[in-house]
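Residue-level structural notes
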Amino acid sequence: MAERPAAEIAVPSKDPKEKKKEGGKKLDTKANGVKDEEEELSEEDAQLKSELEMLVERLKELNTDLYRPALETLRTLIRTSTSSMTSVPKPLKFLRPHYPGLQELFETWPASENKSLFADILSVLAMTYSDTEPRGTLRYRLLSASLLPPTSKISEPGSWGHEYVRHLAAELGEEYTIRQEGEEAVPLLAPEADLDAPKSKPAPVPGTIEDLHNLGSECAAFFLGHNAEPDAVDLFVELEIVDRIASLVDANTFGRVCAYMDRCITLLPPPDDVTFLRTIHKIYLQFSKFPEALGVAIRLNDAALIRQDFNASGNPVMKKQLAFLLARAQIPIEWLRAPASEDADAEDELPEDILDCLSNTQLSRHFKEFGKEVGVADPKSLEDVYKSHLETTRSGLSANVDSARANLAGTFVNAFVNAGFGNDKLMVEAEEGNSWVYKNKDHGMMSAAASLGLGLLWDTDVGLSHIDRYTYSPEEWIKAGAFFATGLLNAGVRTEADAALALLAEHVENQSVPLKTAAIMGLGVAYAGSHREDLLTLLLPAVADDGVSMEIAALSALALGFIFVGSGNGEITSTILQTLMERDDKALDEKWGRFMALGLALLYVGLQDASDATLETLKAIQHPISRQAQILVEVCSFVATGNVLRVQRLLHLCGEHLDALKEKEQAESAEGKKDENKDEKKEGKKPDDTFQSFAVLGIAMIAMGEDIGAEMSMRQFNHLMHYGDPIIRKSVPLALGLISASNPQLPVLDTLSKYSHDHDLAVALNAIFAMGLVGAGTNNARLAQMLRQLAGYYYKEPDCLFMVRIAQGLVHMGKGTIGINPFFSDRNIMSRPAIAGLLATIMAFTDAKAFVLDKYHWMLYFLVTAMYPRFLITLDENLESKPVTVRVGQAVDVVGQAGKPRTISGFQTHQTPVRLGTTERAELATEEFIPYAHVLEGFVILQKNPGWEKEDTMQM
């Protein structure tokens, strides 16, 4: 121990001596009382310091002629000084002690150009006092501008450097907020801010709001010129003038500005998000980026904007590309025609080839070719999907499997797996008497016949002839299935013949319930998102008619919800509300009530505040269904907005425990009200908790648009699973399935796998279905393995086994080529009909015993509006397939990053057509072609790059 201090002392003993030798002068300065700072000053710095002090003294003298040169020199010294990222520029450091004195001096000068320059310099010095005197920089900057004569112009804020502009921008936002919140916000800050400077005790910042805006624009222009696009956008958001950024961007910056603004939208409260979208739209149009602009118009759901963008481009090939985008979003073709009053001949405007693109008529042909290219054209049998030889079942024990139930499951698996290829062995290619339909009982036959519509999906020409023979069947269920198949077949495809309407319209009034429901829902699915007025007159009477059963009324409302999704149609709204008010409680208590509420909610998909009046009306209805409808309407209005306040409200609803009611009851029973309460509890309990189920789904609906919200909601679902009532636990798996449809990420899969072994079979059943949704069309091997294990685990539970089979069918949907994720175009645009289909299917699972496991299993086919091929097909300008090499990899978010970073990671190079996963992105491998579309997804038309050959020859 003794050695160590000795060693320590030995080292410093030499050093001070050396120091003394080196610089005796330095030690003397310590005696003068000026310590470390002076010690560090180099000769250069000391000279600078004395020069600055001399200039400050000169400003205090009486000779006014010296002011101007002194100020000019000060300005030059401050501007030319360089600083590193971490240190303060030297002149500011040395001038800081003189700042209060200079402030007092400034007040004594008369108004002049010199005073303006003085103010400009003080504005820079104020940066060093920002903690004690807030907004000094801004105050002097505005003073400097106001003191200048009208002829001369103040120097740009950028001339003082980047740090100054950032400082100024921060103070601008602060000052603007204070002014907006009223004057009383200023005195609160002023006293503590100006302790040192009694002169500027009120420290008012001069200038009007317009001055602040103009200064903001100058700062933003500087930011945009120096690769700080996010700073410019943020400043404009704080000053609430984001629409002005359109005039400042140029060809180099607009892309980055729009990308950043696009990313902000999910984090903004309404109505700011709409303002942002409109600004982005304006910028894209300014630079003739028509596909991007049209994408924004679709997100705004604004018919006039969509028509204007579609007609803005004069290039017929570009119009075809835009038509493909509109067809993918299922925008009503009527929106593109000018309103009748403007133009009488508007009907004949759209040329044939563009109508073809808009109607998706070529989808089936391209999809089948794509299947051949990828090598999945051959039909798959049930055994290919189940792979039951890999299951861990004990032999001899599976005898009690209900064969009708197993065949029914086979119906769905076959339909989903071979969807769209039109060649499956069980239905389409089967011989006349040997069709799979006859292997099912009663209501099973309906789903079996309807599966034809899925097998022949989008193929309207061949499909109708196949389905036709079943429409003459004497068996009512088969006939109903054939009607529904006609609807499914036409989902997302528009034809001149309008076959679905022609074949199904007469049966809407049919006496038989199965035929009637099949015709109504067939129309709903076939014309989802088309906003067709002629269907309104056909289906609305059934909603309003008190004489029909609740089932028919609710399904008619749902079909109208599908057709007019996101339209906010006033006539349908008022009719459904009227029905909800007039029907007696017994009818509203039925299980069908939820579908009527959903039909109403679908009208408001993505309309945000437009649903307020409807919500107020719903509050007047004295029945638990009013609460369910309110939640559904609200979550549909705010679907995928990531609106935090709405999510919090829904979490409150999920947190209501019905046990609290019991405690109340016990407290009141002491007063002798026991019997009454028992009755109340019996009545109140059952309808009381369905709304919680919808609230859980609502959280998923609102959070599904952006990744951060989705991730946060996962955690909430975990809590709900631990602490929620049975109804909530039953709904959580469905919400998980909804939030990551066709996007099988490991955390979600593991969570669902855990829930699928839950002791509550209702939870397990929904979790198994959710696994199907999450993996839909991905062929995910891990998921397929999990489902095979579940098939062995539940071999004695017919319901769960049935669900496992359906989930297996979903995972291999379209043999891995069709997904159900409602977002497309780089997951930016939401397809409204897809949301409707997903929500309607999931709604049937909120009470699986009553719907899917009963005789309404055909509701699984509602997914068809969300089903869409996940391909990239490149076409030439004549719309013929054109194979090119592309790189496909995981999409990377590069917003706000410097330079031109890679937008995909871990890519593989393929020849188109290729399949894209939900989170994948493609880019062309060479620059030989230029795509018309901004996102390589779906159908992309390519144009030969005129400069390409030249580069090639140059290399040679």
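Data block above holds the structure.
Because the structure is predicted, anything quoted here is derived from the model rather than measured. (Residues numbered from 1 in each chain as written. Predicted model: local features only at pLDDT ≥ 70, side-chain atom pairs only at ≥ 80, totals over all residues. Heavy atoms only, no water.)

Description of the sheet that holds strand S11 (residues 938–944)
What counts is decided by this rule: If DSSP finds at least two bridges between two strands, the strands pair. Only DSSP runs of H or I reaching four residues or more are called helices, and only runs of E reaching two or more are called strands; each is numbered from the N terminus. The contact criterion used throughout is that any non-hydrogen atoms of two residues lie within 4.5 Å. Fitting a line to C-alpha atoms yields each axis, with helices limited to the stretch in contact; the angle taken between N-to-C directions then spans 0 to 180 degrees.
Pairing is mixed in the open sheet, where 4 strands are placed in the order S8-S5-S11-S10. At either margin of the open sheet sits one strand with a lone partner, and together these are strand S8 (914–915) and strand S10 (929–931). As paired strands, strand S5 (residues 871–875) and S11 are joined by 4 bridges and run parallel to one another. Paired with Leu 875 across the strands is Ile 941, a residue of S11. Across the face of the sheet, helix H20 (residues 363–374) comes into contact with S5, S8 and S11 while running at roughly 105° to S5.

Considering the environment of Tyr 861
Put simply, the rule is: Polar contact is the term for a pair of N or O atoms within 3.5 Å; when the atoms are in protein, one must be able to donate a hydrogen and the other to accept it, and sequence-neighboring residues count only if both atoms are side-chain atoms.
Considering the arrangement of structural elements, one finds Tyr 861 in the loop between helix H45 (832–845) and strand S4 (868–869). Between the C-alpha atoms of Tyr 861 and Gly 453, which are 408 residues apart in sequence, the distance is 9.5 Å. Each residue touching Tyr 861, except ones within four places of it in the same chain, is listed here: Thr 411, Phe 412, Ala 415, Ser 447, Ala 450, Ser 451, Leu 454, Phe 484 and Leu 488. In terms of polar contacts, Tyr 861 uses its side chain to reach the backbone carbonyl oxygen of Ser 447, at 2.9 Å.

Things to note about the packing of helix H7 (residues 99–108) against helix H9 (residues 136–147)
We apply this condition: Here the word oblique covers every angle except those under 35 degrees (roughly parallel), over 145 (roughly antiparallel) and from 65 to 115 (roughly perpendicular). For a crossing to be left-handed, the near helix must be turned anticlockwise from the far one by less than a right angle; the clockwise case is right-handed. Each residue gets one of three labels, nonpolar for Ala, Val, Leu, Ile, Met, Phe, Trp, Tyr, Cys and Pro, charged for Asp, Glu, Lys and Arg, and polar for the others, Gly among them.
At their nearest, the axes of H7 and H9 sit 14 Å apart, and the two run at 30° to each other. The angle between the axes of H7 and H9 places the two elements in the roughly parallel class. Crossing of H7 against H9: the hand is left-handed. Contact residues: Tyr 99, Gln 103, Phe 106 and Glu 107 in H7; Arg 139, Tyr 140, Leu 143 and Leu 147 in H9. Classifying every residue of the contact of H7 with H9 gives 5 nonpolar, 1 polar and 2 charged.

Concerning the packing of aromatic side chains
Convention followed: For this analysis, a ring pair means two rings from Phe, Tyr or Trp (six-membered ring only for Trp) whose centres lie within 6.5 Å, classed as stacked if their planes differ by under 30 degrees, edge-to-face if by over 60, and tilted for the remaining angles. Burial classification: accessible surface area is computed with a 1.4 Å probe over protein chains only, and a residue below 20% of its type maximum counts as buried, one above 50% as exposed, and the rest as partly exposed. A ring is considered to have a charge above it if a Lys NZ or an Arg CZ atom is located within 6 Å of its centre and within 35 degrees of its normal.
Here the structure, examined in full by the defined rule, presents 29 aromatic pairs. Measuring from ring centre to ring centre gives 4.3 Å for Phe 254 and Phe 287, while their planes differ by 10°; the resulting arrangement is stacked. Within this pair, whereas Phe 254 is found in helix H14 (residues 254–264), its partner Phe 287 is found in the loop between helix H15 (272–286) and helix H16 (290–300), the two being separated by 33 residues in sequence. For Phe 287, a relative accessible area of 24% gives the class partly exposed. Connected via pairs of aromatic rings, a cluster forms that spans Phe 412, Phe 416, Phe 484, Phe 562, Trp 592, Phe 595, Phe 851, Tyr 856, Trp 858, Tyr 861 and Phe 862. Above the ring of Tyr 140, the side-chain terminus of Arg 139 is found at 5.1 Å from the ring centroid.

Considering the sheet that holds strand S6 (residues 885–891)
Across a sheet, strands are paired by hydrogen bonds formed along the backbone, either parallel or antiparallel in direction. Strand order across the open sheet formed by 3 strands is S7-S6-S9, with antiparallel pairing between neighbours. Since the sheet does not close on itself, it has two edges, and those belong to strand S7 (904–911) and strand S9 (920–924), each with one partner. Adjacent strand axes in the sheet meet at a mean angle of 30° when their direction is disregarded. In the sheet, S6 pairs with S7 via 6 bridges, with the strands oriented antiparallel. Bridged to Gln 890 within S7 is Ser 905.

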